[in-house]
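Overview (structure and organization)
Residues per chain, in single letters:
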Amino acid sequence: MLLIPCPWCGPRPESEFRYGGQAHVVRPPDPSAVDDAAWGAYLYLRDNPKGRHAERWRHLHGCGRFFNCVRDTVSDRIVASYKPGEAPPS
Amino acid sequence: MGEAARFSFLSLLRHGLGKAWDRQWRDAQPKAAYDVVIVGAGGHGLATAYYLAKEHGIRDVAVLDKGWLGGGNTGRNTTIIRSNYLQPESAALYEHALKLWEGLAQELNYNVMYSPRGVLMLAHTRHDVQVFKRHVHANRLHGIDNEWLTSAQAKAFCPPLDVSQGVRYPVLGAALQRRGGVARHDAVAWGYARAASAMGVDIIQNCAVTGIARDAVGAVTGVETTRGPIAARRVGVATAGHTSVVMAMAGVRMPLESFPLQALVSEPVKPVMPCVVMSNTVHAYISQSDKGELVIGAGTDAYTSYSQAGGLHISRETLEAVCELFPSFRRLRMLRNWGGIVDTTPDRSPIVGLTPVPGLFVNCGWGTGGFKATPGSGHVFAATIARGEPHSIAAPFSLDRFVTGRLIDEAAAAAVAH
Ligand SMILES: Cc1cc2nc3c(=O)[nH]c(=O)nc-3n(C[C@H](O)[C@H](O)[C@H](O)COP(=O)(O)OP(=O)(O)OC[C@H]3O[C@@H](n4cnc5c(N)ncnc54)[C@H](O)[C@@H]3O)c2cc1C
Ligand SMILES: [Zn+2]
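Residues numbered from 1 in each chain as written. Chains lettered and ligands numbered in written order. Predicted model: local features only at pLDDT ≥ 70, side-chain atom pairs only at ≥ 80, totals over all residues. Heavy atoms only, no water.

**Examining the overall build of chain A**
To be explicit about the condition: Working definition: helices are DSSP H or I runs of at least four residues, strands are E runs of at least two. Numbering for both runs from the N terminus. Throughout this description, buried means an accessible area under 20% of the type-specific maximum (1.4 Å probe, protein chains only), exposed means over 50%, and partly exposed covers the range between. In this analysis, two residues are considered to be in contact whenever any of their non-hydrogen atoms come within 4.5 Å of each other. The protein chains shown are the only cover counted for residues, whose accessible areas, like all others here, come from Shrake-Rupley with a 1.4 Å probe.
Scanning chain A from terminus to terminus reveals one helix and six strands. Listing every helix and strand of chain A by position from the N terminus yields β-β-β-α-β-β-β. Along the three orthogonal principal directions, the C-alpha set of chain A runs to about 40 × 30 × 25 Å. Taken across its 90 residues, chain A has 37% of its residues classed as buried. Nonlocal contacts in chain A, meaning residues at least 24 apart in sequence, comprise 47% of its contacts between residues at least 6 apart. Only carbon and sulfur atoms are counted for the fraction: they give 51% of the accessible area of chain A, which is about 5000 Å².

The structure is reproduced here in structure tokens:
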């Protein structure tokens, strides 16, 4: 069970959260302007890295808000959490 | 196979009296070049090498693994085998594998302990009932055995199951595939390894692939490894949970996410479970090994990870469900608990075939349920590599279905399919 730092509520147990997958996946602003490969990439392709991963979480059983975390997918250590709209820490 | 049975009553007796067993396969050192390099010595990679040598006469093959043979999901899974998938493409693929399971011990001259003891899939909700009945009808139209049991019939087939209706997850009925069952996972890896090695395939352990080399037009020329470069014009990737990482070495992004999936075994007891029971709704998968241990599969973690562990709350939830379904198991202690990294696709179907990189082939996305496919997967992947075009059974499982949109949706009720 992860201890996840919500940027608003502080560290809370994983069971209060819902995972939202890779962060910063941008929907093409005009879907009909992109070809099938670009649309398929948006829908289905993911980095799935072994190591540093920026990902979305939602504090469902808490403040209800979405935010992002940077987590190491080997150790599962959360390196940082930050609010939507903010850039991932380097 | 012309050779005399190496494992007979007599040989057991001889070795019991002190004679050491011989190595079952050569501990090969990497050569500078091969016709084909397979990355990943799990069941799928080893089976691929075996069928390349056996059916296509391609014996100049190396199978590379970063760890030891069968140490990935092949040696970590709960070994459930069945073919009653919903979509015609999947039913064809898994049924192809099931037919190969039926003759595999003879084919390899190695006892893989395939035991068709029946797989019972429990329905706990009205939605489950509808979905499973739809599976039963679809399967029967494809000539694949699958039948609907009432809860009383399920109880008769699996006596330790509690089918009383007042519980949290009442058993409303079940789908039964009688030809489904289990096999011994290690023996599958060892049997393919031994048979492939005997035909000249080099199995090279402790050899991690760290790069994929390509020429000016982008075609594969070989792999970089922790034991030096190895040239090959055809490379087949069969690395399960690590496929995104390996394919990134050739610049290919994959429609995959890797999740930890857990299993547990109990202390051994006398025979109590006559069959395999699966409950997708509560994420409990249970059978009994020949050693007497209850083998229990749990769910995946919510988040992607490469830590082969998984959260404790995941296995606790499964054990709670198992205790409710099988009240007589409540006092059993668990002996071991482990995790494997499974590679899941958006439609919960595998990817077998060509890639945008000439000479690079991929076999992945089996997620939580690829052990059952091992012989069929190796068989169609070998044909795909040998001919440079997809085997007809593999063709629908192409990587480019995530561009064309022709997905093969096997997510069913719980998005899990062991
Ligand atoms: C807990 C659990 C329970 C499961 N239960 C079932 C079940 O009941 N029924 C079922 O059908 N399926 C089940 N599965 C799924 C099944 O185990 C897998 O789909 C299947 O075994 C995959 O086989 P494979 O040969 O493709 O992969 P693996 O056996 O994982 O082999 C991949 C190999 O690639 C190697 N590798 C990775 N990266 C590199 C690299 N860079 N260089 C060299 N080698 C590399 C790894 O070391 C590994 O040995 C379960 C999985 C788990 C984890
Ligand atoms: Zn919060």
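**Quick look at the packing of helix α2 (residues 43-56) of chain B against helix α6 (residues 185-198) of chain B**
Residues and elements named next belong to chain B. Rules: To get an axis, a line is fitted to the C-alpha atoms, and for a helix only the part in contact is used. The angle between two axes follows their N-to-C directions and goes from 0 to 180 degrees. If an angle is under 35 degrees, it is roughly parallel; if it is over 145, roughly antiparallel; if it lies from 65 to 115, roughly perpendicular; otherwise it is oblique. The crossing is said to be left-handed when, going from far helix to near helix, the turn is anticlockwise and less than a right angle, and right-handed when the turn is clockwise.
Across the interface, α2 lies against α6 with an axial gap of 9 Å and an inter-helix angle of 30°. Overall, the two elements α2 and α6 adopt an arrangement that is roughly parallel. As for the relative orientation of α2 and α6, their crossing is left-handed in sense. Where α2 abuts α6, its residues L46, A47, Y50 and Y51 lie against A189, Y192, A193, A195 and A196.

**Side note on the coordination of the zinc ion (ligand 2)**
Residue and element names in this part refer to chain A. Threshold: Donor atoms are limited to N, O and S found within 2.8 Å of the metal ion, a distance that becomes 3.2 Å for Na, K and Ca. With water left out, some sites might look partial. A site with four donors is called tetrahedral when every donor-metal-donor angle falls between 85 and 135 degrees; four donors are called square planar, and six octahedral, when opposite donors sit more than 155 degrees apart and all other angles fall between 65 and 115; any other arrangement is irregular.
Here the zinc ion (ligand 2) is held by C6 (SG), C9 (SG), H59 (ND1) and C63 (SG), and the distances to it run 2.0 to 2.4 Å. Viewed at the metal, the four donor atoms of the zinc ion (ligand 2) are separated by angles of 106 to 118°, and the geometry they form is tetrahedral. All donors of the zinc ion (ligand 2) come from a single chain, and their spacing in sequence reads C-x2-C-x49-H-x3-C. Judged by relative accessible area, which is 28%, C63 ranks as partly exposed.

**Things to note about the side chain of N77 of chain B**
Residues and elements named next belong to chain B. Here is the rule: The definition of a polar contact used here is a pair of N or O atoms within 3.5 Å, where within protein one atom must be able to donate a hydrogen and the other to accept one, and adjacent residues in sequence count solely through side-chain atom pairs.
Following the sequence through the fold, N77 ends up in the loop between β2 (61-64) and β3 (80-81). On the basis of relative accessibility, which here comes to 18%, the residue N77 falls in the buried class. A distance of 2.9 Å separates a polar atom in the side chain of N77 from the backbone oxygen of T74.

**What about the pairing of strand β6 (residues 78-82) of chain A?**
Residues and elements named next belong to chain A. The cut-off we apply is this: DSSP calls a pair of strands paired once it identifies at least 2 bridges connecting them.
The pairing of strand β5 (residues 66-72) with β6 spans four bridges and is classified as antiparallel. Along β6, the bridge assignment pairs C69 with S81. The antiparallel pairing of β5 with β6 creates a hairpin that spans five residues between the two strands, and D76 there sits at a positive phi of about 65°.

**A word on the nonpolar core**
All names here are of chain B. Spelled out, the test is: In these notes, a set of buried Ala, Val, Leu, Ile, Met, Phe, Trp, Tyr and Cys residues joined through side-chain atoms within 4.5 Å is what counts as a nonpolar core.
Grouped together as the largest cluster of nonpolar side chains are 50 residues, with contacts concentrated most on L46, W101 and Y192. Every element with two or more residues in this core is listed here: β1 (36-39), α2, β2, α3 (88-108), α6 and α9 (374-387). The residues contacting L46, other than those within four sequence positions of it, are G40, A41, V63, L69, A189, Y192, A193 and I203. In this structure, A62, V209, I230 and L360 belong to the second largest nonpolar core, which totals 30 residues.

**Side note on a nonpolar patch on the surface**
For clarity, the threshold we go by: A patch consists of residues whose relative accessible area exceeds 30% and which take part in no salt bridge; residues with like charges are grouped when within 9 Å of each other, and nonpolar side chains (Val, Leu, Ile, Met, Phe, Trp, Tyr) when within 5 Å. What counts as a salt bridge is simple: a side-chain nitrogen of Lys or Arg found within 4 Å of a carboxyl oxygen of Asp or Glu.
A cluster of nonpolar side chains, namely F9, L10, L13 and L17 of chain B, defines an oily patch on the protein surface of about 510 Å² accessible area. Mapped onto the fold, L13 of chain B is located in helix α1 (residues 9-16).

**Notes on the pairing of strand β13 (residues 257-266) of chain B**
Residue and element names in this part refer to chain B. When you tally the buried positions in β13, you get nine out of ten residues, the bulk of the element. Note: β13 against strand β17 (residues 334-344), ten bridges, orientation antiparallel. Looking across to β17, one finds that F259 is bridged to V342. With four bridges connecting them, β13 and strand β16 (residues 294-300) associate as antiparallel partners. Looking at the pairing, L261 lines up with T300 of β16.

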